[in-house]
Amino acid sequence: MPRSLVALQPLLLLLRLLAAWASAESDELIAQARAAANKGDAATADALLQRAEESAPSEAFMLRGNVAAFLRKDMAGAAVLYRRSIEANATRWEAHYFL
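1. Describing the pattern of salt bridges
(1) Moving on: If you walk through the whole model with that rule in mind, you get 6 salt bridges.
(2) Moving on: Across the pair arginine 92 and glutamate 59 runs a salt bridge, and its minimum N-O distance is 2.4 Å. Linking arginine 92 in the loop between helix H4 (75-88) and helix H5 (93-98) with glutamate 59 in helix H3 (residues 57-71), this pair joins segments that are 33 residues apart in sequence. As far as burial versus exposure is concerned, arginine 92 and glutamate 59 are alike and both buried.
(3) Moving on: Connected through shared salt-bridge partners, Arg34, Glu59, Arg92 and Glu94 make up one network.

2. As for unusual backbone geometry
(1) Moving on: Unlike most non-glycine residues, lysine 73 shows phi in positive territory, near 60 degrees.
(2) Moving on: Relative to the helices and strands, lysine 73 is located in the loop between H3 and H4.

3. Remarks on H4
(1) Moving on: The end-to-end C-alpha distance of H4, which contains 14 residues, comes to 20 Å, matching closely the 20 Å that a straight helix rising 1.5 Å per residue would cover.
(2) Moving on: Here H4 has its buried residues at Gly77, Ala78, Ala79, Leu81, Tyr82, Ser85 and Ile86.

4. So, the packing of helix H2 (residues 42-52) against H3
(1) Moving on: At a minimum axis distance of 8 Å, the contact between H2 and H3 shows a crossing angle of 165 degrees. Taken together, the axis directions place H2 and H3 in an arrangement best described as roughly antiparallel. Pair H2 / H3 crosses with left-handed handedness. Side by side, H2 and H3 meet where Ala42, Ala45, Asp46, Leu49, Gln50 and Ala52 of the first sit next to Pro57, Ala60, Leu63, Arg64, Val67 and Leu71 of the second.
(2) Moving on: In terms of residue class, the contact of H2 with H3 is made up of 9 nonpolar, 1 polar and 2 charged.

What counts and what doesn't
Residues numbered from 1 in each chain as written. Predicted model: local features only at pLDDT ≥ 70, side-chain atom pairs only at ≥ 80, totals over all residues. Heavy atoms only, no water. Salt bridge = Lys/Arg side-chain N within 4 Å of Asp/Glu carboxyl O. Helix = DSSP H or I, 4+ residues; strand = E, 2+ residues; numbered from the N terminus. Buried < 20%, exposed > 50% of the residue type's maximum accessible area, 1.4 Å probe, protein only. Expected span 1.5 Å × (residues − 1). Axes fitted to C-alpha atoms, helices over the stretch in contact; angles between N-to-C directions. Parallel < 35°, antiparallel > 145°, perpendicular 65-115°, else oblique. Left-handed = near helix turned anticlockwise from the far one by under 90°. Contact = heavy atoms within 4.5 Å. Nonpolar A, V, L, I, M, F, W, Y, C, P; charged D, E, K, R; others polar.

This is the structure we're talking about:
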């Protein structure tokens with residue numbers, strides 16, 4: 001292995017660890033948001049999902065769309081969020097379905 005690649009290995013390991021940490025954090029935020037939404041607390045669910053957007057944008061936007069559509073009855077706002085979910089991941093079938 002070239003020396004330049006060997007020197008990059010610690011950095012690559014750090015990046016993998018940071019990605020795993022961000023994923024775990026977003027999973028926890030999404031779980032908390034689902035619990036809030038199940039209690040009918042749209043404001044808390046939306047706030048938690050906004051925090052998850054950076055590390056899990058497609059999931060967060062799609063779930064925010066659900067909060068807008070089903071808890072707030074804001075179909076226009078939901079459509080915008082579903083489109084943002086699709087922009088983040090074009091294969092997100094749920095967002096396509098809800099549109």
